[in-house]
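Okay, here's what each chain looks like letter by letter:
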Amino acid sequence: MGGNGAPLLTVEHLTMRFGGLVAIDGLSFTANRGEITAIIGPNGAGKTTVFNCITGFYKPTGGRIVLAPLGAQPEADIATLTASGRRSRGRSLFLLERMRDYEIAARAKVARTFQNIRLFPGMTVLENLVVAQHNALMRASGWTVLGLAGARVYRDAEARAIDRATFWLDKVGLIDRADDPAGDLPYGAQRRLEIIRALCTEPVLLCLDEPAAGLNPRESADLKTLLRSIRTDHGTSILLIEHDMSVVMEISDHVVVLDYGQKISDGSPEAVRNDPKVVAAYLGVEDEEVEQAEAEIAP
(Lines give C-alpha, C1' and ligand atoms only; values in the text may rest on other atoms or scores of the structure.)
Protein backbone atom coordinates (compact mmCIF):
# COMPACT_ATOMS: atom_id res chain seq x y z
CA MET A 1 0.00 0.00 0.00
CA GLY A 2 2.62 2.51 1.13
CA GLY A 3 5.15 4.63 -0.70
CA ASN A 4 8.92 4.59 -0.40
CA GLY A 5 8.97 5.82 3.21
CA ALA A 6 10.72 9.11 2.36
CA PRO A 7 9.13 12.16 4.02
CA LEU A 8 7.37 14.50 1.61
CA LEU A 9 5.85 16.82 4.22
CA THR A 10 7.41 17.42 7.62
CA VAL A 11 5.51 19.49 10.17
CA GLU A 12 7.66 20.53 13.13
CA HIS A 13 6.30 22.09 16.35
CA LEU A 14 3.44 23.80 14.50
CA THR A 15 1.60 26.32 16.68
CA MET A 16 -1.36 28.49 15.76
CA ARG A 17 -2.87 31.00 18.16
CA PHE A 18 -5.91 33.21 17.68
CA GLY A 19 -5.53 35.78 20.44
CA GLY A 20 -5.67 33.78 23.65
CA LEU A 21 -6.93 30.62 21.93
CA VAL A 22 -4.31 27.99 21.08
CA ALA A 23 -5.80 26.11 18.13
CA ILE A 24 -2.67 24.06 17.36
CA ASP A 25 -0.14 23.37 20.11
CA GLY A 26 3.33 22.19 19.05
CA LEU A 27 2.17 19.65 16.46
CA SER A 28 4.79 17.51 14.71
CA PHE A 29 4.23 14.75 12.14
CA THR A 30 5.41 13.57 8.72
CA ALA A 31 3.56 12.54 5.58
CA ASN A 32 5.53 10.18 3.38
CA ARG A 33 5.82 10.32 -0.38
CA GLY A 34 3.39 8.02 -2.19
CA GLU A 35 1.19 7.46 0.87
CA ILE A 36 -2.21 8.49 2.18
CA THR A 37 -1.88 10.23 5.54
CA ALA A 38 -5.09 10.92 7.45
CA ILE A 39 -5.59 13.56 10.14
CA ILE A 40 -8.52 12.69 12.36
CA GLY A 41 -10.02 13.90 15.63
CA PRO A 42 -13.24 15.16 17.18
CA ASN A 43 -14.90 18.36 16.00
CA GLY A 44 -12.82 21.36 17.04
CA ALA A 45 -9.59 19.36 17.30
CA GLY A 46 -7.79 21.72 14.89
CA LYS A 47 -7.68 19.60 11.74
CA THR A 48 -8.76 22.28 9.27
CA THR A 49 -6.49 24.80 10.98
CA VAL A 50 -3.56 22.49 10.19
CA PHE A 51 -4.65 22.40 6.54
CA ASN A 52 -4.95 26.17 6.46
CA CYS A 53 -1.39 26.52 7.78
CA ILE A 54 0.01 24.01 5.28
CA THR A 55 -1.72 25.66 2.31
CA GLY A 56 -0.96 29.24 3.30
CA PHE A 57 -4.42 30.45 4.30
CA TYR A 58 -3.04 31.03 7.80
CA LYS A 59 0.47 32.09 8.80
CA PRO A 60 1.46 29.89 11.77
CA THR A 61 2.40 31.51 15.05
CA GLY A 62 5.37 29.16 15.27
CA GLY A 63 6.94 26.02 13.85
CA ARG A 64 8.15 24.85 10.46
CA ILE A 65 6.42 23.14 7.51
CA VAL A 66 8.87 21.55 5.07
CA LEU A 67 7.84 20.16 1.68
CA ALA A 68 10.61 18.06 0.15
CA PRO A 69 9.71 16.78 -3.34
CA LEU A 70 11.70 13.99 -4.95
CA GLY A 71 15.43 14.67 -4.97
CA ALA A 72 15.47 17.19 -2.12
CA GLN A 73 17.92 16.83 0.76
CA PRO A 74 16.10 18.62 3.60
CA GLU A 75 18.90 19.24 6.07
CA ALA A 76 21.36 20.35 3.38
CA ASP A 77 18.82 22.36 1.41
CA ILE A 78 17.24 24.38 4.23
CA ALA A 79 20.36 26.54 4.48
CA THR A 80 19.97 27.56 0.82
CA LEU A 81 16.38 28.76 1.15
CA THR A 82 15.55 32.36 0.36
CA ALA A 83 13.22 34.52 2.40
CA SER A 84 10.36 33.48 0.11
CA GLY A 85 10.62 29.94 1.43
CA ARG A 86 12.05 28.26 -1.67
CA ARG A 87 15.49 27.50 -3.00
CA SER A 88 16.92 30.11 -5.31
CA ARG A 89 18.16 27.31 -7.55
CA GLY A 90 16.49 24.01 -8.22
CA ARG A 91 13.46 24.87 -6.08
CA SER A 92 13.47 21.33 -4.71
CA LEU A 93 12.64 22.25 -1.11
CA PHE A 94 10.02 24.61 0.30
CA LEU A 95 9.33 26.08 3.73
CA LEU A 96 5.59 26.53 3.37
CA GLU A 97 5.14 28.73 6.43
CA ARG A 98 7.20 31.43 4.66
CA MET A 99 5.22 31.33 1.43
CA ARG A 100 1.99 32.96 0.24
CA ASP A 101 -0.97 30.74 -0.54
CA TYR A 102 -0.75 31.21 -4.33
CA GLU A 103 2.99 30.37 -4.27
CA ILE A 104 2.29 27.16 -2.35
CA ALA A 105 -0.19 26.14 -5.05
CA ALA A 106 1.80 27.27 -8.10
CA ARG A 107 5.40 26.57 -7.07
CA ALA A 108 5.33 24.00 -4.30
CA LYS A 109 2.50 22.16 -6.13
CA VAL A 110 0.22 21.65 -3.14
CA ALA A 111 -3.49 21.47 -4.02
CA ARG A 112 -6.50 21.27 -1.74
CA THR A 113 -10.25 20.89 -1.56
CA PHE A 114 -12.57 22.31 1.09
CA GLN A 115 -15.28 21.04 3.42
CA ASN A 116 -17.80 23.07 1.42
CA ILE A 117 -17.67 22.47 -2.32
CA ARG A 118 -16.23 25.48 -4.16
CA LEU A 119 -16.86 24.85 -7.83
CA PHE A 120 -17.79 27.47 -10.42
CA PRO A 121 -21.43 26.39 -10.76
CA GLY A 122 -22.19 28.51 -13.83
CA MET A 123 -19.22 27.13 -15.80
CA THR A 124 -19.37 23.78 -17.52
CA VAL A 125 -17.79 20.72 -15.95
CA LEU A 126 -14.98 20.85 -18.53
CA GLU A 127 -14.40 24.57 -18.02
CA ASN A 128 -13.97 24.01 -14.27
CA LEU A 129 -11.05 21.70 -15.04
CA VAL A 130 -9.49 23.91 -17.68
CA VAL A 131 -9.59 27.02 -15.49
CA ALA A 132 -7.68 25.08 -12.80
CA GLN A 133 -4.78 24.99 -15.26
CA HIS A 134 -4.71 28.76 -15.76
CA ASN A 135 -1.09 29.14 -14.56
CA ALA A 136 0.26 26.97 -17.37
CA LEU A 137 -2.10 28.53 -19.90
CA MET A 138 -1.15 32.08 -18.92
CA ARG A 139 2.55 31.29 -19.25
CA ALA A 140 1.95 29.76 -22.68
CA SER A 141 -0.07 32.82 -23.73
CA GLY A 142 2.78 35.17 -22.91
CA TRP A 143 0.42 36.67 -20.33
CA THR A 144 -2.39 37.19 -22.88
CA VAL A 145 -0.59 38.46 -26.02
CA LEU A 146 0.21 35.07 -27.59
CA GLY A 147 -3.21 33.75 -26.63
CA LEU A 148 -4.99 36.62 -28.35
CA ALA A 149 -2.85 36.09 -31.44
CA GLY A 150 -3.63 32.36 -31.50
CA ALA A 151 0.07 31.42 -31.32
CA ARG A 152 0.97 27.75 -31.74
CA VAL A 153 2.53 27.53 -28.29
CA TYR A 154 -0.74 28.63 -26.71
CA ARG A 155 -2.89 26.34 -28.85
CA ASP A 156 -0.70 23.39 -27.89
CA ALA A 157 -0.97 24.27 -24.19
CA GLU A 158 -4.74 24.59 -24.48
CA ALA A 159 -4.96 21.19 -26.16
CA ARG A 160 -2.91 19.63 -23.35
CA ALA A 161 -5.19 21.24 -20.76
CA ILE A 162 -8.28 19.83 -22.44
CA ASP A 163 -6.67 16.40 -22.79
CA ARG A 164 -5.80 16.37 -19.09
CA ALA A 165 -9.32 17.46 -18.16
CA THR A 166 -10.85 14.81 -20.43
CA PHE A 167 -8.64 12.10 -18.91
CA TRP A 168 -9.83 12.86 -15.37
CA LEU A 169 -13.47 13.22 -16.41
CA ASP A 170 -13.31 9.78 -17.97
CA LYS A 171 -11.56 8.45 -14.87
CA VAL A 172 -14.44 9.45 -12.57
CA GLY A 173 -17.30 8.73 -15.00
CA LEU A 174 -18.21 12.34 -15.77
CA ILE A 175 -17.16 12.55 -19.42
CA ASP A 176 -20.79 12.53 -20.56
CA ARG A 177 -21.49 15.59 -18.39
CA ALA A 178 -18.53 17.64 -19.68
CA ASP A 179 -20.72 20.33 -21.26
CA ASP A 180 -23.26 20.55 -18.42
CA PRO A 181 -23.08 23.36 -15.84
CA ALA A 182 -21.15 22.12 -12.81
CA GLY A 183 -23.96 23.32 -10.57
CA ASP A 184 -26.35 20.84 -12.22
CA LEU A 185 -24.36 17.80 -11.07
CA PRO A 186 -25.60 15.75 -8.12
CA TYR A 187 -23.74 16.25 -4.86
CA GLY A 188 -21.50 13.18 -5.12
CA ALA A 189 -20.47 14.06 -8.66
CA GLN A 190 -19.60 17.59 -7.56
CA ARG A 191 -17.32 16.10 -4.90
CA ARG A 192 -15.51 14.04 -7.52
CA LEU A 193 -15.26 17.04 -9.82
CA GLU A 194 -13.67 19.14 -7.08
CA ILE A 195 -11.06 16.44 -6.45
CA ILE A 196 -10.10 16.05 -10.10
CA ARG A 197 -10.03 19.83 -10.54
CA ALA A 198 -7.30 19.88 -7.89
CA LEU A 199 -5.54 17.02 -9.68
CA CYS A 200 -5.47 19.01 -12.92
CA THR A 201 -2.85 21.24 -11.27
CA GLU A 202 -0.58 18.15 -11.12
CA PRO A 203 0.15 18.43 -7.39
CA VAL A 204 2.84 16.56 -5.49
CA LEU A 205 0.61 16.75 -2.40
CA LEU A 206 -3.20 16.67 -2.56
CA CYS A 207 -4.94 17.92 0.60
CA LEU A 208 -8.56 16.77 0.92
CA ASP A 209 -10.78 18.27 3.61
CA GLU A 210 -13.57 15.78 4.40
CA PRO A 211 -14.10 14.47 0.85
CA ALA A 212 -16.57 11.81 2.05
CA ALA A 213 -18.84 14.29 3.83
CA GLY A 214 -22.44 13.88 2.67
CA LEU A 215 -21.77 10.86 0.45
CA ASN A 216 -23.98 7.78 0.44
CA PRO A 217 -22.38 4.31 0.89
CA ARG A 218 -22.02 3.72 -2.87
CA GLU A 219 -20.42 7.13 -3.42
CA SER A 220 -18.14 6.56 -0.42
CA ALA A 221 -16.98 3.25 -1.90
CA ASP A 222 -16.29 4.95 -5.25
CA LEU A 223 -14.31 7.64 -3.42
CA LYS A 224 -12.10 5.04 -1.74
CA THR A 225 -11.38 3.44 -5.11
CA LEU A 226 -10.51 6.83 -6.61
CA LEU A 227 -8.18 7.83 -3.79
CA ARG A 228 -6.34 4.49 -3.90
CA SER A 229 -5.88 4.96 -7.65
CA ILE A 230 -4.60 8.53 -7.23
CA ARG A 231 -1.98 7.23 -4.82
CA THR A 232 -1.04 3.93 -6.48
CA ASP A 233 -1.49 4.60 -10.20
CA HIS A 234 -0.53 8.28 -10.34
CA GLY A 235 1.95 8.55 -7.47
CA THR A 236 0.25 11.54 -5.85
CA SER A 237 0.64 11.78 -2.09
CA ILE A 238 -2.56 12.53 -0.19
CA LEU A 239 -3.15 14.32 3.11
CA LEU A 240 -6.70 13.67 4.25
CA ILE A 241 -9.05 15.07 6.89
CA GLU A 242 -12.02 12.78 7.35
CA HIS A 243 -14.71 11.88 9.89
CA ASP A 244 -15.81 8.71 8.06
CA MET A 245 -13.69 6.08 9.82
CA SER A 246 -14.51 3.42 7.25
CA VAL A 247 -12.73 5.57 4.67
CA VAL A 248 -9.81 6.42 6.94
CA MET A 249 -9.12 2.91 8.17
CA GLU A 250 -9.47 1.22 4.79
CA ILE A 251 -7.28 3.45 2.64
CA SER A 252 -4.80 5.23 4.93
CA ASP A 253 -1.17 4.22 5.33
CA HIS A 254 -0.64 6.52 8.28
CA VAL A 255 -3.02 8.23 10.73
CA VAL A 256 -2.43 11.25 12.96
CA VAL A 257 -4.98 11.94 15.71
CA LEU A 258 -5.58 15.41 17.16
CA ASP A 259 -7.51 16.48 20.23
CA TYR A 260 -7.72 20.12 21.35
CA GLY A 261 -4.87 21.03 19.00
CA GLN A 262 -2.45 18.41 20.29
CA LYS A 263 -1.33 15.12 18.80
CA ILE A 264 -2.51 12.19 20.90
CA SER A 265 -1.67 9.33 18.55
CA ASP A 266 0.40 8.75 15.40
CA GLY A 267 0.85 5.47 13.55
CA SER A 268 -0.76 2.80 11.42
CA PRO A 269 -4.56 2.61 11.20
CA GLU A 270 -4.56 -0.54 13.33
CA ALA A 271 -2.37 0.98 16.04
CA VAL A 272 -4.46 4.14 16.17
CA ARG A 273 -7.74 2.21 16.26
CA ASN A 274 -6.60 0.40 19.39
CA ASP A 275 -5.07 3.38 21.19
CA PRO A 276 -6.98 4.09 24.43
CA LYS A 277 -6.34 7.84 24.07
CA VAL A 278 -8.07 7.82 20.68
CA VAL A 279 -11.03 5.89 22.07
CA ALA A 280 -11.24 8.37 24.93
CA ALA A 281 -11.14 11.39 22.61
CA TYR A 282 -14.03 10.08 20.53
CA LEU A 283 -16.13 8.68 23.37
CA GLY A 284 -15.39 11.38 25.95
CA VAL A 285 -14.29 9.10 28.82
CA GLU A 286 -12.43 10.40 31.86
CA ASP A 287 -8.63 10.54 32.07
CA GLU A 288 -8.66 7.94 34.86
CA GLU A 289 -10.37 5.47 32.55
CA VAL A 290 -7.69 6.07 29.89
CA GLU A 291 -4.94 5.36 32.40
CA GLN A 292 -6.70 2.19 33.50
CA ALA A 293 -7.08 1.01 29.87
CA GLU A 294 -3.43 1.71 29.13
CA ALA A 295 -2.39 -0.22 32.22
CA GLU A 296 -4.49 -3.21 31.14
CA ILE A 297 -2.92 -3.45 27.69
CA ALA A 298 0.65 -2.72 28.86
CA PRO A 299 3.02 -5.72 28.55
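Please refer to the structure higher up on the page.
Analysis parameters
Residues numbered from 1 in each chain as written. Predicted model: local features only at pLDDT ≥ 70, side-chain atom pairs only at ≥ 80, totals over all residues. Heavy atoms only, no water. Helix = DSSP H or I, 4+ residues; strand = E, 2+ residues; numbered from the N terminus. Buried < 20%, exposed > 50% of the residue type's maximum accessible area, 1.4 Å probe, protein only. Contact = heavy atoms within 4.5 Å. Areas by Shrake-Rupley, 256 points an atom, 1.4 Å probe, with all protein chains shown as cover. Expected span 1.5 Å × (residues − 1). Axes fitted to C-alpha atoms, helices over the stretch in contact; angles between N-to-C directions. Parallel < 35°, antiparallel > 145°, perpendicular 65-115°, else oblique. Nonpolar A, V, L, I, M, F, W, Y, C, P; charged D, E, K, R; others polar. Patch = residues over 30% accessible without salt bridge, like charges linked within 9 Å, V, L, I, M, F, W, Y side chains within 5 Å. Salt bridge = Lys/Arg side-chain N within 4 Å of Asp/Glu carboxyl O. Core = buried A, V, L, I, M, F, W, Y, C linked by side-chain atoms within 4.5 Å.

Draft legend 1. Local environment of the overall build of the chain. When you go through the chain residue by residue, the secondary structure sums to 13 helices and ten strands. Across the 299 residues that make up the chain, the buried fraction comes to 48%. Across the chain, every contact between residues at least 6 apart in sequence was considered, and the portion connecting residues at least 24 apart equals 66%. For the chain, the accessible surface area stands at approximately 14,400 Å², while carbon and sulfur atoms represent 51% of it.

Draft legend 2. Summary view of helix 7 (residues 152-171). Between its terminal C-alpha atoms helix 7 stretches 29 Å, which fits the 28 Å expected from 20 residues at 1.5 Å a residue. Where the residues of helix 7 are buried, they touch helix 4 (125-131), helix 5 (134-140), helix 6 (145-149) and helix 8 (187-199). With its phi angle positive at about 75°, G173 sits one or two positions after the end of helix 7.

Draft legend 3. Structural context of the packing of helix 8 against helix 9 (residues 217-232). Their axes nearest at 11 Å, the elements helix 8 and helix 9 cross at an angle of 10°. In terms of orientation, helix 8 lies roughly parallel with respect to helix 9. Residues G188, I195 and L199 of helix 8 pack against E219, L223, L226 and I230 of helix 9. Classifying every residue of the contact of helix 8 with helix 9 by side-chain character gives five nonpolar, one polar and one charged.

Draft legend 4. Quick peek at the environment of P69. Tracing the sequence through the fold places P69 in the loop between strand 4 (62-67) and helix 2 (74-78). In the structure, P69 is positioned 39 residues away from A108 in sequence and 8.5 Å away in space, judged by C-alpha atoms. Excluding its chain neighbours within four sequence positions, the residues that come into contact with P69 are L8, R33, S92, L93 and F94.

Draft legend 5. Summary view of a nonpolar patch on the surface. On the surface, a nonpolar cluster with roughly 250 Å² of combined accessible area is contributed by V145, L146 and V153. Tracing the chain through its elements places L146 in helix 6.

Draft legend 6. View of the nonpolar core. Residues L193, L206 and L227 are the most contacted members of the largest nonpolar core, which totals 47 residues. Once you skip the residues sitting within four places of it in the chain, L206 turns out to touch A111, I195, A198, L199, I230, T236, S237, I238 and L239.

Draft legend 7. Main features of the side chain of T15. Assignment of secondary structure puts T15 in strand 1 (residues 7-18). T15 gets classed as buried once you look at its relative accessible area, which sits at 12%.

Draft legend 8. Highlighting the pattern of salt bridges. Counted under the stated rule, the structure contains 14 salt bridges. Across the pair K263 and D266 runs a salt bridge whose closest N-O atoms are separated by 3.1 Å. According to the relative accessible area criterion, K263 is partly exposed, its value standing at 36%. Given a relative accessible area of 35%, D266 falls into the partly exposed group. Connected via shared salt-bridge partners are K224, R228 and E250.

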